[in-house]
Amino acid sequence: MRRPIVVGNWKMHGSRADNARLIEELGAQYPPDPAADCVVCPPFVYLQEVGRMLRDTPIHLGAQDVCADNQGAFTGEVSAAMLKDVGCEYAIVGHSERRLLYRESDQLVARKFAAAHSKALIPILCVGEQLSDREAGRTAEVVQRQLDVVLELCGAETLGHGAVAYEPVWAIGTGRNASPEQAQEVHALIRARIGVRDARIAAATRILYGGSVKASNAAELFAMPDVDGGLIGGASLKADEFLAILAAAG
Ligand code: PGA
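The paragraphs below set out a description of the structure included in this document. (Residues numbered from 1 in each chain as written. Predicted model: local features only at pLDDT ≥ 70, side-chain atom pairs only at ≥ 80, totals over all residues. Heavy atoms only, no water.)

There is about 460 Å³ of room inside the largest pocket. Ranked by the residues each element gives to the lining of the largest pocket, the list is headed by helix 4 (residues 96-101), at three residues. The calculated volume of the second largest pocket comes to roughly 240 Å³. The wall of the second largest pocket is formed by 20 residues, among which Gly-173, Ser-212, Gly-233, Gly-234 and Ala-235 lie closest to the centre. Split into classes, the residues belonging to the lining of the second largest pocket amount to five nonpolar, 10 polar and five charged. (1 Å grid on protein atoms, 1.4 Å probe; cavity = no way out; pocket = protein on both sides within 12 Å on 5 of 7 lines; lining within 4 Å. Points joined across faces, edges and corners; volume = space filled by probe spheres on them. Helix = DSSP H or I, 4+ residues; strand = E, 2+ residues; numbered from the N terminus. Nonpolar A, V, L, I, M, F, W, Y, C, P; charged D, E, K, R; others polar.)

Set out below in structure tokens:
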């Protein structure tokens, strides 16, 4: 059985005051025994403080990115060891905003996945096609390529220690989510691709859907057999929305 997981990606939002309010609201309404794991990923500068606020809660701490290198002259970067040191358990790698706005290649993303894993963080690998890819019938090709580079560098065993998030770029922050059937099709494809290397690992790997998930559409997306939770952007900044999504995952 794969335990579902709901991850809040706060992106570049928040302030110390906003974060404290959000964590307090989450804590106040948090279900006693949720059937899904919950992670929040604040901006780097707030990780330690948010981590402290989460200490007595079942909510886990994650980073939105990680450096592919371990230490040295990499101005502006944050290593996996540093993230671990301040209490992170998860790290998102290869978010489409990083791939597109900061030109992160499939190879760099794979190295980030390996770096996170090597310091015992749980990497969440984001994959997903752009609208033009989908319209040209290239969704499978793009997603498989993004996945294969990580499988090649890290192997199925290491991939299985992390999670995969399918995030169609056209659905991120647009209010236009993939239909449950569209999501399921790609999730099944991702699982099958991992399964070519190792069927056991494929069956155990958590594959999250991301892209305009809200309280109102979460249940139908999470009801799909290969959708094991979600990576939530905008809706993770509102406690009641995020908790409703968490409830839908359980
Ligand atoms: P969204 O973002 O939920 O705001 O569409 C999802 C993501 O980018 O992870």
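Now that the structure has been shown, we can carry on.
Now for the environment of Ile-122. As for its position among the elements, Ile-122 is in strand 5 (residues 122-127). Sequence spacing of Ile-122 and Ile-92 is 30 residues, and the spatial spacing of their C-alpha atoms is 8.5 Å. Apart from the residues lying within four places of it in its own chain, the contact partners of Ile-122 are Glu-89, Tyr-90, Ala-91, His-161 and Gly-162. (Contact = heavy atoms within 4.5 Å.)

The next subject is the packing of helix 10 (residues 215-222) against helix 11 (residues 239-249). In helix packing, the relevant descriptors are the interaxial angle and the interaxial distance, both defined with respect to the helix axes. Where helix 10 meets helix 11, the closest approach of the two axes is 8 Å, and the angle between their N-to-C directions is 15 degrees. Of the possible angle classes, the one that applies to helix 10 and helix 11 is roughly parallel. Crossing hand, helix 10 versus helix 11: right-handed. Facing Ala-215, Ala-218, Ala-219 and Phe-222 of helix 10, the residues of helix 11 in contact are Glu-241, Ala-244, Ile-245, Ala-248 and Ala-249. Looking at the contact of helix 10 with helix 11 residue by residue, the class counts come to eight nonpolar, no polar and one charged. (Axes fitted to C-alpha atoms, helices over the stretch in contact; angles between N-to-C directions. Parallel < 35°, antiparallel > 145°, perpendicular 65-115°, else oblique. Left-handed = near helix turned anticlockwise from the far one by under 90°.)

Another point: the site of the ligand. Surrounding the ligand, one finds 13 residues, the nearest of these being Lys-11, His-95, Glu-167, Gly-173 and Ser-212. Gly-233 places a main-chain nitrogen or oxygen 2.9 Å from an oxygen atom of the ligand. When the ligand is considered free in solution it has 280 Å² of accessible area, and contact with the protein chains removes 95% of it. Applying the majority rule of atoms within 2 Å of the grid points places the ligand in the second largest pocket. (Near = heavy atom within 4 Å. Polar contact = N/O pair within 3.5 Å; in protein donor to acceptor, adjacent residues only side chain to side chain. Areas by Shrake-Rupley, 256 points an atom, 1.4 Å probe, with all protein chains shown as cover. Sits in = over half its atoms within 2 Å of the grid points.)

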